[in-house]
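Examining the three-dimensional arrangement
The chain contents come next:
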Amino acid sequence: MKIIFSFILFIFLGCSSLISGVASVATSVAVFAITIPIKVIYSVGKSALNAASSNSNSNDTKIAKKALEQKNFKKAYEYYARACNDDEPMVCALGNYAYTKCELLNDGCKINTIINNNAIKYFSAKLFLDEAKELSGENKKAYINIACSYDNSISKDCK
């Protein structure tokens, strides 16, 4: 009887910690959305624009680059996701960048379909970390947190 009770208690505590973990992630996303002003979300970092310019091999990436320049993050994400492949991790990182911006703006982006390997996570984090260098105060902290969510080893500021 003790074993069954212990097992049930273990399952209950495990489920409650999973639920609180999901709630914690949801809270973090909500805090990012509240912390970062709309003006900052709509801006496009220099490193993202430079990366977009250097990775315009296909028609999809050309369309995505133009959409990114016009701050149409939903369209940019869709075309970068379509062009994403393992040989060009920066294209996938630009897709993650556009998706995150779209998500923060609640612009109707669907679930992120980009599979993140280590290179893609690193480049995604790098785009947001570079953009954080252009900001200050709470905006900078929020962008560093987004960078850390992609790659926790990208900065000493990651916890």
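Shown above is the structure to which this text applies.
Calculation rules
- Position labels on residues start from 1 in each chain and follow its written sequence.
- Reporting of local features is limited, given that this is a predicted model, to residues whose pLDDT is at least 70; pairs of side-chain atoms are given and counted only at 80 or more, and all residues count toward the totals for whole chains, interfaces and linings.
- Working from all heavy atoms in the structure, the side-chain values ignore hydrogens and water.
- In this description, a line fitted to the C-alpha atoms serves as the axis of each element, helices being fitted only across the stretch in contact, and the angle between N-to-C directions of two axes falls anywhere from 0 to 180 degrees.
- The secondary structure listing takes helices from DSSP runs of H or I that are at least 4 residues long and strands from runs of E that are at least 2 residues long, numbered from the N terminus.
- Here the angle decides the label: under 35 degrees means roughly parallel, over 145 means roughly antiparallel, 65 to 115 means roughly perpendicular, and every other value means oblique.
- The crossing is said to be left-handed when, going from far helix to near helix, the turn is anticlockwise and less than a right angle, and right-handed when the turn is clockwise.
- Throughout, a contact is declared for two residues whenever any of their heavy atoms are within 4.5 Å.
- Expected span of a helix, by definition, is 1.5 Å for each gap between consecutive residues, and there is one gap fewer than residues.
- Each residue gets one of three labels from its accessible area relative to the maximum for its type: buried under 20%, exposed over 50%, partly exposed in between, using a 1.4 Å probe on protein chains only.
- Any cysteine sulfur atom paired with another within 2.5 Å is treated as part of a disulfide.
- Within this scheme, the nonpolar core is defined by two criteria: the residues are buried Ala, Val, Leu, Ile, Met, Phe, Trp, Tyr or Cys, and they are joined through side-chain atoms within 4.5 Å.
- Comment: arc refers to directions from the helix axis out to C-beta atoms.

1. Comments concerning the packing of helix H6 (residues 89–104) against helix H7 (residues 118–133)
- Two elements in contact, H6 and H7, have axes separated by 8 Å at closest approach and are oriented at 55 degrees. Classified by the interaxial angle, the pair formed by H6 and H7 is oblique. H6 and H7 meet at a crossing whose hand is right-handed. Between H6 and H7, the contacting residues are Pro 89, Met 90, Cys 92, Ala 93, Leu 94, Asn 96, Tyr 97, Thr 100 and Lys 101 on the first element and Ala 119, Ile 120, Phe 123, Ser 124, Leu 127, Phe 128 and Glu 131 on the second.

2. With respect to the packing of helix H5 (residues 73–83) against H6
- Two numbers describe how H5 lies on H6: the axes approach to 8 Å, and their chain directions differ by 155 degrees. When the axes of H5 and H6 are compared, the pair comes out roughly antiparallel. Considering the relative orientation of H5 and H6, their crossing is left-handed. Along the contact surface, H5 presents Phe 73, Lys 74, Ala 76, Tyr 77, Tyr 80 and Ala 83, while H6 presents Val 91, Leu 94, Gly 95, Ala 98, Tyr 99, Lys 101 and Cys 102.

3. Focus on helix H8 (residues 137–150)
- Over its 14 residues, H8 runs 21 Å from end to end, which matches the ideal 20 Å to within 8%, given 1.5 Å per residue.
- Those residues of H8 lying buried are Asn 139, Ala 142, Tyr 143, Ile 144, Ile 146, Ala 147, Cys 148 and Tyr 150.

4. Here's the deal with the state of the cysteines
- Evaluation of the coordinates by the stated rule reveals 3 disulfides.
- Covalent S-S linkage joins Cys 84 and Cys 92, the inter-sulfur distance amounting to 1.9 Å. Torsion about the S-S bond of the Cys 84 and Cys 92 cystine: about 100 degrees, corresponding to right-handed handedness.
- Classification of Cys 92 as buried rests on a relative accessible area of 0%.

5. Regarding the nonpolar core
- Membership of the largest hydrophobic core comes to 44 residues, with the highest contact counts inside it found for Ile 36, Leu 68, Tyr 80, Leu 94 and Leu 127.
- For this core, the secondary structure elements donating two or more residues are helix H2 (38–42), helix H3 (46–54), helix H4 (59–69), H5, H6, H7 and H8.
- Tallying contributions element by element places H6 first for this core, with 10 residues.
- When near neighbours in sequence (up to four residues on either side) are disregarded, Leu 68 contacts Val 44, Ala 48, Ala 52, Phe 73, Ala 76, Tyr 80, Leu 94 and Tyr 97.

6. Focus on H3
- Listed in full, the buried residues belonging to H3 are Ser 47, Ala 48, Ala 51 and Ala 52. Seen from one end, H3 has its buried residues packed into an arc of 135 degrees, which puts them on one side. Exposed and facing more than 90 degrees away from the buried side of H3 are Lys 46, Asn 50 and Ser 54.
- Those residues of H3 that are buried lie in contact with H4, H5, H6 and H7.

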